[in-house]
Amino acid sequence: MNKDTKICIIGGGPAGLSAGMYLEQKGYDNYTILERNDHVGGKCHSPHYNGRRYEMGAIMGVPSYYAVHDVEEFCGITHDGPKLNRNYKDKTGKVIEPFNPKKNVLKIPHLMEMRKQVKKLGEILETKYKGYDVNGHRGVAEGRYDGFAVTPGREPVSGTNANLKDLALPFKEFCELNGVELTQEIWIGPFTSFGYGYFDEIPAAYVLKYLDFQTCMNFVNINLWTWQNGTQFIWESLNDKLKNHARLNSNITNIERKDGKVYVTVNGEVEEYDKLIVTAPLQYFPDYADAREDEKEFFSKIEYERYDVLAVETKPEDHPDISYYVFDNMTPERLGHLMVYYRRWRDTKDQVITTYALRKHKDQAEIPYEVCKKTVLDDLKTMKNPASNVVNEQSWYYFPHVFTEDYAAGWYDKVEAMQGKYDTYYAGEIMSFGDMDETAEYSRELVERFF
Ligand SMILES: Cc1cc2nc3c(=O)[nH]c(=O)nc-3n(C[C@H](O)[C@H](O)[C@H](O)COP(=O)(O)OP(=O)(O)OC[C@H]3O[C@@H](n4cnc5c(N)ncnc54)[C@H](O)[C@@H]3O)c2cc1C
């Protein structure tokens, strides 16, 4: 492609900004990032409170966040945030140690079996499911893998492996098929409580591409990255460094693609581009663009999670000593309950804590926002860490995905086959997974493949 190609990128979150970085590194300087909000970062959102920043959105990374590390190097920043730690409570607020054999003597056989199954899952992922962890979903439904390896070199890898078709199954069924049901008790912590849905509904591909074996072990061992000024700072730093800063407050009302050009109406003015990269939610693309039938058909299949976050103040005597996970509340039966609450700053009690709850499951009615909020605040009382005041709240459009039927029917291969067809490329969370690194890595791959 000609290096002067005029490229419009929709969205100034991790996917859009990293697309800008990778384009720039490849010699494409003629790009424009259009961001609807008055700030960059998307779901990496770190507001200020009492002189520090807390997290309303993304919180942490792991050492295999290679694309995020690219961004850090590009900007000269590093993961310099507070060290994470956590404990566990049951739904009555009692502190528990579910994985400590000494505290659960009767559960020792169960814990030993779980350990065995975790080892087994690690082994079959490397053998039976070879290729499971490459970024993105190309070929999986057809029993292929094709993408970049999750290794420091991130070299391109591809091959056939018919077993990969199993990854379309909900993770629960995938585990049953492989006799590793108990591994769900480990994987659920950094999955369901992080808002990514329930194992009886979400295809194993999403679970295992995000929580590949090594990444899951990093969570277990709390080998995690955070940022002093919040995850938003990563993307603010990138935006500052890019030759073309994101244009904030961009209201796109129309997109027309004709005669090899892309016409974008932004804040009332029509702008002409050669190519379009969409990192904003694809299911809303038809609302403002001349979406073709195939785009409408596929994008209408996308589902997403309703993931609610509250930032609350507590009285100093009610402040939690540490962050807590509540496994009892990570089941569909306890939809709308508090699954985890996060104390980011351990050195002070004058900061907010943040709470996390889901209120949608495939087979259940959506819980109304206010009901969920009240439940979470009641749960905090049960946990003996009552809130005195809510200072911020957000219900996120979270983790866009497709369900098993569409995954198995080749949703990803069909959408991948549309890349470039209408001078348009699709990136952002749905194309890989809803975390900072997978989205940024997908942008890297998109630029490698098509530009
Ligand atoms: C509570 C929470 C906790 C999380 N925890 C973690 C974590 O610990 N680690 C991790 O790696 N990830 C975490 N994530 C996920 C991570 O934040 C997202 O996966 C990541 O931000 C996705 O990047 P994106 O660019 O694809 O989308 P987004 O971050 O959603 O960015 C999309 C951008 O597009 C803009 N936009 C949307 N529509 C339009 C439009 N029509 N025109 C112009 N602009 C538009 C939006 O304003 C936004 O800025 C968390 C997210 C949340 C909400």
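This one's a predicted model, so the numbers in the text were calculated from it and none came from an experiment. (Residues numbered from 1 in each chain as written. Predicted model: local features only at pLDDT ≥ 70, side-chain atom pairs only at ≥ 80, totals over all residues.)

A.B. asks: Would you explain the site of the ligand in this entry?
C.D. replies: In the vicinity of the ligand there are 35 residues, among which Gly11, Gly13, Gly42, Ala58 and Ala280 approach most closely. Within the residue set of the shell around the ligand, elements represented by two or more residues are helix H1 (14–25), strand E13 (303–313), strand E17 (389–401) and helix H13 (436–450). Considered class by class, the residues forming the shell around the ligand number 16 nonpolar, 13 polar and six charged. Residues lining the shell around the ligand come from more than one domain, with at least three contributed by each of domain 1 (7–81 + 227–302 + 403–450) and domain 3 (305–399). (Near = placed C-beta within 6 Å. Helix = DSSP H or I, 4+ residues; strand = E, 2+ residues; numbered from the N terminus. Nonpolar A, V, L, I, M, F, W, Y, C, P; charged D, E, K, R; others polar. Domains from an automatic or database assignment.)

A.B. asks: When you look at the domain arrangement of the chain in this model, what are you seeing that I'm missing?
C.D. replies: Each assigned domain of the chain is listed with its residue range as follows: domain 1 (7–81 + 227–302 + 403–450), domain 2 (99–220) and domain 3 (305–399). A separation of 28 Å is found between the C-alpha centroids of domain 1 and domain 3. Tallying the contact residues gives 13 residues for domain 1 and 17 residues for domain 3. (Contact = placed C-beta atoms within 7 Å.)

A.B. asks: What should I look at first to understand the environment of Asn87 in this one?
C.D. replies: Take Asn87: it is sitting in strand E5 (residues 86–89). Distance from Asn87 to Tyr325, taken between C-alpha atoms, is 6.4 Å for residues 238 residues apart in sequence. Not counting chain neighbours up to four residues away, the residues in contact with Asn87 comprise Val95, Ile322 and Tyr324.

A.B. asks: I would appreciate a short explanation of the packing of H1 against helix H8 (residues 231–241) in the present structure.
C.D. replies: Packed helices, taken two at a time, are described by the angle between their axes plus the distance between the axes. It is at 10 Å that the axes of H1 and H8 come closest, and there the two elements cross at 35°. Of the two elements, H1 crosses H8, and the hand of that crossing is left-handed. Contacts between H1 and H8 involve Pro14, Leu17 and Met21 from the first element and Trp235, Leu238 and Asn239 from the second. (Axes fitted to C-alpha atoms, helices over the stretch in contact; angles between N-to-C directions. Left-handed = near helix turned anticlockwise from the far one by under 90°.)

A.B. asks: Explain the sheet that holds strand E9 (residues 252–258) here, please?
C.D. replies: Each strand in a sheet pairs with another by means of backbone hydrogen bonds, the pair being arranged parallel or else antiparallel. Taken in spatial order, the three strands line up as E9-E10-E11 in an open sheet, and their pairing is antiparallel. Strands at the two margins of the open sheet, each flanked by one partner only, are E9 and strand E11 (269–273). Direction aside, the axes of adjacent strands within the sheet are offset by 20° on average. The pairing of strand E10 (residues 261–266) with E11 spans five bridges and is classified as antiparallel. Paired with Val264 across the strands is Glu271, a residue of E11. (Pairing = 2+ DSSP bridges.)

A.B. asks: Quick question: what am I supposed to make of the pairing of strand E2 (residues 31–34) here?
C.D. replies: As paired strands, strand E1 (residues 7–10) and E2 are joined by four bridges and run parallel to one another. Each bridged residue has a counterpart across the sheet, and for Ile7 the counterpart in E2 is Tyr31. Handedness of the crossover is the feature at issue here: the chain leaves E1, passes through H1, returns alongside E2, and the resulting connection is right-handed. (Right-handed = clockwise from strand over helix to strand, strands pointing away.)

A.B. asks: Where do I start with the packing of H1 against H13 in this structure?
C.D. replies: The N-to-C vectors of H1 and H13 enclose an angle of 35°; their axes lie 8 Å apart at closest approach. The way H1 lies across H13 gives a crossing that is right-handed. Along the contact surface, H1 presents Pro14, Ala15, Ser18, Ala19, Tyr22 and Leu23, while H13 presents Met436, Thr439, Ala440, Tyr442, Ser443, Arg444, Leu446 and Val447. The residue inventory of the contact of H1 with H13, partitioned by class, reads ten nonpolar, three polar and one charged.

A.B. asks: Just checking my understanding: could you explain the sheet that holds strand E14 (residues 323–325) for this structure?
C.D. replies: Here seven strands make up an open sheet; going across it, the order is E6-E5-E14-E15-E16-E13-E17 and the pairing mixed. The sheet terminates laterally at strand E6 (95–96) and E17, the two strands that pair on one side only. Relative to E17, E13 runs antiparallel, the two sharing ten bridges. The residue bridging Asp308 from the neighbouring strand is Ser395, located in E17. Its contacts with the sheet place helix H10 (residues 369–382) against E13, strand E16 (353–358) and E17, and it is angled at close to 45° to E13.

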